[in-house]
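Summary of the model geometry
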Amino acid sequence: MSDSTLSISSHTLPIGPRSDSGRLILGLLSLAARELIATILVLIGASLLLFLVLKAAPSEDHLQLRLGQSTSVTAEQAGETFASETLAGQYVTWLEGVVTGDFGTSKALQRGRPVADLLKPAFFASFKLLAAGLFLSALLGLLAATLSIFRSRNPLWRITLGLTSLTSAIPVFLYVYALVAGGNRLIAWGAAQQHWQIPGWFPLPMSPDFVPWFFAVLILAVGDGSLMDMTQRFGSELRHSAGDEHMVGVRMMNISVPVVIARGFLPGALSHISRRISFVLGSLVVLEAALGWPGLGYLAWRAAAERDMPVLLGAALLMAVALRLVLMVFDLVGTAADPRRRVTK
Amino acid sequence: MKGTVQVEHLYKEFGGSGLFGKWGDKTPALEDINFTLEKGELAALVGESGSGKTTLGRCLLGLIKFESRKVKVNGYDIASLGGADEKAFRMSAQMVFQNPFSSLNPAFKARDALVEAIRVHDPSISREKANDEVEKLAALVQLPIDRLNEYPPSLSGGEKRRVVFARALATNPDFVVTDEPVSGLDQPIQAQLLDLMRKIQRRQNSTMLFISHDLRLVRFVATRVLVMHRGRIVEDAPAEIFFHQQGPSHPYSRELLESAFHPDQLFGPQVQQSHPERGSGGCSFRNRCKFTSTEMDQPCATMTPPLLEIKSNHRVACHWCRNQEADR
Amino acid sequence: MIGSLRWSRFPSVTKSSRYLGMAIGIICLVPATLGVVAAAFGWLPHDPLQFIGESNGGPSLQHFLGCDSLGRDLLSRLWAAAAYFTPPGALAMVVALSLGVVLGVAESLGGRFWGAISSWCLQVMDSLPKFVLVLLVAAIARSNLIWIMAAVGATFAPQIAAAIRSSVERLRAAAFIEAEKSLGVSMTRIVFFHILWGHARHVILAQLMSLMAYALLVETSLSYLGGELGVQEPTPSWGNMIALARDGVFTGNLLPAIIPAIMISITILGFSLVGQGLLQLWEERA
């Protein structure tokens, strides 16, 4: 009698029955298909927005888009035919090129070089940095949030939390400035005092060697408000998933509490991280630009500074595609973890 | 025309998906509702949960869309309401909602809710004058005036009901739908509030549709009883007949009445039968009916019983009852 | 296992600590506010663009914070920068608020068709990295701060819309919406007064605070990095003040670089703390 009531009520908990894993996979596949279509629609919209922003420019910058996009005619001819097309025609022509991987050629940055050649190596370097930064940020945020839940009455902890806010309020470019200026002085001073030897990556911004790279990841994880935001959001998610009324029932039924908390926490946390990516990408641009490291962000900043529109647009679109794909994966994982979202989708 | 309600062939479906709601499964919620209310009547709408009582109430006030041949409340055609007509209609018909916890905006004081109700149709009324009106209203529903300055979460259940009731009365309506106005209260307070409601209704000679699932409360106030089952009105009888003279005719109404007043005599150990699917034809109550068995009676399984008059002012939708009446 | 650890069912933020955070946040915003007021009423101690002092002169009674490498008064430049940033920052807020409210309301209450359209618009804006879109606008607008901040506001609209959507979703089932409808209250009043003003104002205000922090971050980053994207000399900005003084580390003139850096950090901290405090205030009410 009591057994049957328990098994009925356990279905109302956020722990899905395990028997229908096949249905779950099917459901996720169909969700993935739908999300892919939505992603393509959104990316078309994003390219349209970028194109329109460029068209709104008072100058002739937008004509650079078509420069050398096709190889059969000279750049000037291509530009002229492009200018004579209608607005919609220009957009379609440009989009056609972009979809086939032809972003045009660089106009100022590395004059005449295809943009795709510039973007490809830069993308992987930046992606590594971004992924590491996000991961570290989430990890530190989770640590701080967990402590803030379970040890909130400890005054020492409050000071730590305050320091988290303080360190996180410092912009990335200030961190980079401090790292380059202060770090180099410190290393030089230590070497002069013969405390240590000058490392291979001195002076600092020169190469993304492991130690400077790790510092860059740390800066990305903490600066520009990343850590503070993560801590705060994760804290409120944890409080919700650990504090729900059903936790009493969970403990009465001897179900693993950490698993229930994790499953309640994961979907919200993933959506917070995905909302954060867009900001961290901005920090990445500043970081790479300030350090002068080759990457998508550095490319975007140089292209903006030198008004090299094909490169800037290519970088923006590439980032948008990567961002959407990552968001899609996060959404699928979150849906798999949360039965409620499975039902409503 | 004021205070009258005429409903002919009202249908309502829920569901539908897609960009414009054209695709997907639809669930019929109300099917072929017909009835009229005269001025000054206090009709009770009873039935189990999910039978469509609240949906019908919301349809009558034009809060949701529906299909019908004719629905006229206070002389306004609800299906084609709009513009100035809608404003006038909103003043003349009000609803007291089921859940007092969420039917008052928790961000604003009770007084503000009432002031808004007074000023929404005539913004020229000054705040001071509206405040005086609010205090009159509070006296009418016997709410202490100092409670008006509280936020809804700090009011008690009975006080919230009084505020909600006062808000419905603020525009001096001719027709009021009260949806479970006293459920979830202590019995003395239930009685007090119902008594107040009935007195106000008599004094203002307004028409009221009292939605409830509790026949004991209905007997206390109603002049007429409409019984709903699975989206249809199955019986429409004067309260005098329903409670005092020969009693209800429809098997479902009988079951309701017995369960309300003699719950011990009603059921032995029996299996709850599932209802036939909605919209599939036949009587929706046939699986639970005591007087028929599905295999024997052809009409109960195949033909939906129409709501027909068996005596003056007494209509029933039941094949068995009509046969009984014909035999007599 | 975790159950044996001490936790409370309710948010453990106490009243005092919440107000402490808010108070610290407001104190952090005081220097920048002083600057805006001083510049608005013409109370700056010196003209921020005039070369009046000694190059890299230290603090004195004449120049409270000393001078930069070109001999301009540091305090005046600091305050003038805050004042110069204020109108574009306000524009960013206006753009974000109007776009976010329109799209957020349309998405959650506009029916299936308009809901889908505005949801698509929001997703498009959200899928472009914010800073890169700002870079594009900065490159096109030739470092015109007004356009840059309008772009920042537009990229922040999805955040505002999300705040609105979540409070509408929460309240959609609440009976008071229907009760107001049956009273004859217009939909506009229900949406703007009962939902947005009554329930979403804290969240929207908190989002606007984080928008201000982000706008300041973008402006100073662009001005620091250079490349004719941010605020250009001689117009003062905390970012280009640091850029100008960045070699001071090697010559021992730290003050012209450190003071704007502190100003940036505490102002951003102030905005974030006030925003966080507002969110907690709302979380406790809800």
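**Side note on the interface of chain C and chain A**
Taken together, the contacts link 60 residues of chain C with 65 residues of chain A. With both sides pooled, the region where chain C packs onto chain A buries about 5,500 Å², and carbon together with sulfur makes up 70% of that total. Summed over the shared surface of chain C and chain A, the result is zero salt bridges. Put simply, chain C and chain A have five residue pairs in polar contact (both at pLDDT 80 or more) between them. Elements with a contribution of two residues or more to the side of chain C that touches chain A: α3 (111-127), α4 (130-140), α5 (145-172), α7 (187-225), α8 (238-245), α9 (248-251) and α10 (255-285) of chain C. For the side of chain C that touches chain A, the leading source of residues is α10 of chain C, giving 11 residues.

**Some thoughts on the side chain of D73 of chain C**
Residue and element names in this part refer to chain C. One can find D73 in the loop between α1 (15-40) and α2 (74-109). No salt bridge is formed by the buried D73. Its closest oppositely charged neighbour is R77, at 9.3 Å. Discounting chain neighbours no more than four positions away, the residues touching D73 are P45, H46, I52, H63, F64, G66 and C67.

**Describing the pairing of strand β11 (residues 308-311) of chain B**
Two faces, one strand: in a regular strand the side chains alternate between the faces of the sheet. Residue and element names in this part refer to chain B. As judged from the three bridges shared by β11 and strand β12 (residues 314-316), these two strands associate in the antiparallel manner. Bridge pairing in β12 places K311 opposite H314. Hairpin connection, β11 to β12: the antiparallel pair is bridged by two residues, and N313 has positive phi, about 70 degrees.

**Section: the pairing of strand β4 (residues 70-73) of chain B**
Residue and element names in this part refer to chain B. By the alternation rule, side chains of β4 split into V71 and V73, which are all buried, and K70 and K72, of which none is buried. Direction of pairing for β4 relative to strand β5 (residues 76-77): antiparallel, over a ladder of two bridges. Along β5, the bridge assignment pairs V73 with Y76. Between β4 and β5, which pair antiparallel and follow one another directly, the connecting turn spans two residues, one of which, N74, has a positive phi of 55 degrees.

**Comments concerning α2 of chain C**
Residues and elements named next belong to chain C. Here α2 is 36 residues long and its end C-alpha atoms lie 51 Å apart, about the 52 Å a rise of 1.5 Å per residue gives. Of all the bends in α2, the greatest reaches close to 35 degrees and is centred on T86; the proline P87 follows between one and four positions later. Following α2 by one or two positions, G111 has its phi on the positive side, about 80 degrees.

**Some words on the interface of chain B and chain C**
Counting residues at the interface gives 26 residues for chain B and 20 residues for chain C. Of the roughly 2,000 Å² buried where chain B meets chain C, counting both sides, 60% is carbon and sulfur surface. Between R58 of chain B and E178 of chain C there is a salt bridge, and its shortest N-O distance comes to 2.7 Å. Top element by residues in the side of chain B that touches chain C is strand β6 (residues 93-96) of chain B. It accounts for three residues. A class-by-class count of the residues in the side of chain B that touches chain C yields 12 nonpolar, 10 polar and four charged.

**Section: unusual backbone geometry**
With the exception of glycine, the majority of residues adopt a negative phi angle, and the majority of peptide bonds are in the trans configuration. Residue P203 of chain A is bonded to the preceding F202 of chain A through a cis peptide linkage, with omega at -10 degrees. Relative to the assigned elements, P203 of chain A resides in the loop between α7 (172-192) and α8 (210-222). Of note, the bond from E233 of chain C into P234 of chain C is cis; its omega dihedral lies within 30 degrees of zero at 5 degrees. The phi dihedral of Q194 of chain A falls on the positive side, at around 60 degrees, and the residue is not glycine. Inspection of the secondary structure assignment puts Q194 of chain A in the loop between α7 and α8. For E180 of chain B, which is not glycine, the phi torsion reads 45 degrees and is therefore positive.

**Some points on the pattern of salt bridges**
Residues and elements named next belong to chain B. Taken as a whole and assessed by the stated rule, the structure comprises 25 salt bridges over all chains. Between R315 and D236 there is a salt bridge whose closest N-O contact spans 2.8 Å. Residue R315 is found in strand β12, and its partner D236 is found in strand β10 (residues 232-238); the two are separated by 79 residues along the sequence. A single salt-bridge network, built from bridges that share partners, covers E41, R224, D236 and R315.

Calculation rules
- Residues numbered from 1 in each chain as written.
- Chains lettered and ligands numbered in written order.
- Predicted model: local features only at pLDDT ≥ 70, side-chain atom pairs only at ≥ 80, totals over all residues.
- Heavy atoms only, no water.
- Contact = heavy atoms within 4.5 Å.
- Buried area = accessible area lost by both parts, 1.4 Å probe.
- Salt bridge = Lys/Arg side-chain N within 4 Å of Asp/Glu carboxyl O.
- Polar contact = N/O pair within 3.5 Å; in protein donor to acceptor, adjacent residues only side chain to side chain.
- Helix = DSSP H or I, 4+ residues; strand = E, 2+ residues; numbered from the N terminus.
- Buried < 20%, exposed > 50% of the residue type's maximum accessible area, 1.4 Å probe, protein only.
- Lys, Arg positive; Asp, Glu negative; His and termini not counted.
- Pairing = 2+ DSSP bridges.
- Expected span 1.5 Å × (residues − 1).
- Bend = angle between axes of the 7 residues up to and from the residue.
- Nonpolar A, V, L, I, M, F, W, Y, C, P; charged D, E, K, R; others polar.

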